[in-house]
There are 2 protein chains.
Amino acid sequence: MKRVLICVSYDGTSYSGWQYQNNARTIEGELNKALTNLHSEPIEVIGASRTDAGVHALSAMAVYDTNAGMPADKVAPALNTKLPDDIRIVWSKEVEADFHPRHRLTEKTYEYNIWNSEFMPPMVRNYYYHVEKELNLDRMNEAAAALIGKHDFKSYCSVHTTADTTVREITGICVYREGSQVMIKVSGYGFLYNMVRIIAGTLIDTGLGRREVSFAKDALEKCDRQAAGPTAPANGLVLKEFRFLE
Amino acid sequence: MKRVLICVSYDGTSYSGWQYQNNARTIEGELNKALTNLHSEPIEVIGASRTDAGVHALSAMAVYDTNAGMPADKVAPALNTKLPDDIRIVWSKEVEADFHPRHRLTEKTYEYNIWNSEFMPPMVRNYYYHVEKELNLDRMNEAAAALIGKHDFKSYCSVHTTADTTVREITGICVYREGSQVMIKVSGYGFLYNMVRIIAGTLIDTGLGRREVSFAKDALEKCDRQAAGPTAPANGLVLKEFRFLE
């Protein structure tokens, strides 16, 4: 028996998110099906994190156990022949039998992608949130800076959370522009349910001048979901980097 | 009766190309249906150019005639409410009654998009052709330079062409890189069936070292489709700019 770690990249457009569901297509469900087929034994992956319906990932992580003889590094190319073309395995490798992806210290980077001009080409519609009016990035970056560090992010968490604590640490946020594209890049050791999307919605409102620059910080201090901005749409969000720190 | 010119942007992934077909979804078919619905009278557009199945456009042009009272510039936002979200009207304006989009001198720019690294994220799979091995852009640009100007492009034209002449003029070609993305940008006054995709296939073979730098020029002189490289896949191609020159 060996434990295999896989790095998964997916276009979330056609999926009801990561987590397995009986009656809907999910990333976890497709991985289980393809792995069970590949190794000819029932396999269930353990994911390191979940994403909502429509959210994308460049590097999500999962492990599974198998008795199959295939070398772990050969799993990636072999599994790609079994998966739909909107899910790709970037690499695969063997890890220790007790390696649990949710019990490790990890740092993740999410990117929230905004198309910031009057016209958005239809080719990018599933990957960008369209904001027509020009965003003021200085205001957004100033507001974002107040969120860096260890805080109670209750205001930036869906009320449907099941987390024990809403304290999290953000290690970096920056907002930058490349032509019509505005990216909000957020790194941290862990994130609450909808946290990056609520941060994005709050910063977008600030960048449009609908809120004061101090709004993001004031919202943080109130520890109340009502105090922060709206949850930005799922399709703009990408889980971009995933690092195991130990 | 007035003639309206519309600029159309579309994601060609789900369409069997531009041209109307009885039993398949096409861009022209969707435009006719939406305009007929919008103006409550039977409408058929006249397109300025056609694209194959899977090819995209940022600015394709078409005209149509209508008796409806709606000001021409209001057509774009109104029509967008009737169209599927992978087709968008960028703008609309009234033109003279005898303005025919295929009888005008025009210059078009196509871009052929290549994802040039070992791993291609699934989010871009419908918009880039994946070439894993590193392309040599110096070789590609040198080969491309020989195609600039007025030539008989018979070698760079599908044998299924219906064109009277295969002489065309290319006003510019360049190949450039942005990270993992390599773009082949081709401008000219008119293009033959599959011309840009055959140029792309030929330059890719040259960039991979499968062909000599002189191959593109030699192929041109042979006036024989067999002499040039393969037709690169449709999904990498975008009709990027369309200019009426008179």
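In the block above lies the structure referred to throughout.
Remember, predicted model here, so these are calculated numbers, not experimental data. (Residues numbered from 1 in each chain as written. Chains lettered and ligands numbered in written order. Predicted model: local features only at pLDDT ≥ 70, side-chain atom pairs only at ≥ 80, totals over all residues. Heavy atoms only, no water.)

Residue and element names in this part refer to chain A. For helix α4 (residues 195-207), which comprises 13 residues, the first-to-last C-alpha distance of 18 Å matches the rise-based estimate of 18 Å (1.5 Å per residue) to within 8%. Across the 13 residues of α4, 13 count as buried, placing the element largely inside the fold. After α4 finishes, the residue Gly 209 shows a positive phi value of roughly 80 degrees. (Helix = DSSP H or I, 4+ residues; strand = E, 2+ residues; numbered from the N terminus. Expected span 1.5 Å × (residues − 1). Buried < 20%, exposed > 50% of the residue type's maximum accessible area, 1.4 Å probe, protein only.)

Residues and elements named next belong to chain B. For the pair helix α3 (residues 137-145) and helix α4 (residues 195-207), interaxial distance at closest approach is 8 Å and the crossing angle is 135 degrees. It follows from the interaxial angle that α3 and α4 lie oblique. In terms of crossing hand, the pair formed by α3 and α4 is right-handed. Contacts between α3 and α4 involve Arg 139, Met 140, Ala 143 and Ala 144 on the former and, on the latter, Leu 203, Ile 204, Thr 206 and Gly 207. (Axes fitted to C-alpha atoms, helices over the stretch in contact; angles between N-to-C directions. Parallel < 35°, antiparallel > 145°, perpendicular 65-115°, else oblique. Left-handed = near helix turned anticlockwise from the far one by under 90°. Contact = heavy atoms within 4.5 Å.)

As a further point, take the relation of the copies chain B and chain A. Note: a rotation about an axis with an accompanying shift along it relates these two copies of the chain. With an RMSD of 0.0 Å, the operation that places chain B on chain A is a rotation of 180 degrees combined with a shift of 0.0 Å along the axis. These values place the two chain copies in the arrangement generated by a two-fold rotation axis. No C-alpha of chain B lies nearer the rotation axis than that of Val124(B), which sits 4.6 Å from it. Looking at the interface residues of chain B, 100% of them are also at the interface in chain A, so both copies use one shared face. (Least-squares fit on C-alpha atoms with pLDDT ≥ 70 in both.)

This next bit is on the environment of Ala144(B). All names here are of chain B. Inspection of the secondary structure assignment puts Ala 144 in helix α3. A relative accessible area of 1% places Ala 144 in the buried class. Once the C-alpha coordinates of Ala 144 and Cys 174 are considered, the two residues, 30 residues apart in sequence, prove to be 7.2 Å apart. The residues touching Ala 144, leaving out its near neighbours within four places in the chain, are Ile 173 and Leu 203.

Further remarks concern the pattern of salt bridges. By the definition in use, this model includes 22 salt bridges over all chains. Close ionic contact of Arg197(A) with Asp52(A) constitutes a salt bridge, the shortest N to O distance being 3.1 Å. Of this pair, Arg197(A) sits in helix α4 while Asp52(A) sits in the loop between β2 (46-47) and β3 (56-66), and the two are 145 residues apart along the sequence. Asp52(A) sits in the partly exposed class, given a relative accessible area of 23%. The salt bridge involving Lys240(B) is made with Glu111(B); its shortest N-O contact spans 3.1 Å. (Salt bridge = Lys/Arg side-chain N within 4 Å of Asp/Glu carboxyl O.)

All names here are of chain A. Among the residues of helix α5 (residues 215-222), those classed as buried are Phe 215, Ala 216, Ala 219 and Leu 220. When α5 is viewed along its axis, its buried side chains cluster within an angular range of 140 degrees and face the same direction. Away from its buried face, by an angle of more than 90 degrees, α5 presents the exposed residues Glu 221 and Lys 222. At its buried positions, α5 is contacted by α3 (137-145), β7 (149-152) and α4. Positive backbone phi, approximately 50 degrees, marks Cys 223, located one or two places after α5. (Arc of directions from axis to C-beta.)

Looking now at the side chain of Thr106(B). Within the element layout of this structure, Thr106(B) appears in strand β5 (residues 106-115). When residues no more than four places from it in sequence are discounted, the contact partners of Thr106(B) are Pro101(B), Gly188(B), Tyr189(B), Phe242(B), Arg243(B), Phe244(B) and Leu245(B).

A separate point is the interface of chain B and chain A. At the interface, 20 residues of chain B touch 20 residues of chain A. Together, the buried faces of chain B and chain A total about 1,400 Å²; carbon and sulfur atoms form 71% of this surface. A per-residue breakdown of the area chain B buries against chain A is headed by Phe119(B), Met123(B) and Arg125(B), which together make up 41% of the total. Counting the contacts that link chain B with chain A gives four salt bridges. Linking Arg125(A) and Asp85(B) is a salt bridge whose minimum nitrogen-to-oxygen distance equals 3.2 Å. The tally of links from chain B across to chain A stands at six residue pairs in polar contact (both at pLDDT 80 or more). At the level of elements, β1 (2-10), β3 (56-66) and β4 (87-95) of chain B are the ones that each hand at least two residues to the side of chain B that touches chain A. (Buried area = accessible area lost by both parts, 1.4 Å probe. Polar contact = N/O pair within 3.5 Å; in protein donor to acceptor, adjacent residues only side chain to side chain.)

Here the focus is the pairing of β5(B). All names here are of chain B. Summarising burial for β5: ten of the ten residues are buried, a large majority. The two faces of β5 match: Thr 106, Lys 108, Tyr 110, Tyr 112 and Ile 114 on one face and Glu 107, Thr 109, Glu 111, Asn 113 and Trp 115 on the other face are all buried. Across seven bridges, β5 lies against strand β10 (residues 237-244) in antiparallel orientation. Of the residues in β10, the one forming a bridge with Tyr 110 is Leu 239. Both β5 and strand β9 (residues 181-188) contribute to a ladder of eight bridges, which runs antiparallel. (Pairing = 2+ DSSP bridges.)

Purely geometric numbers; function is a separate question.
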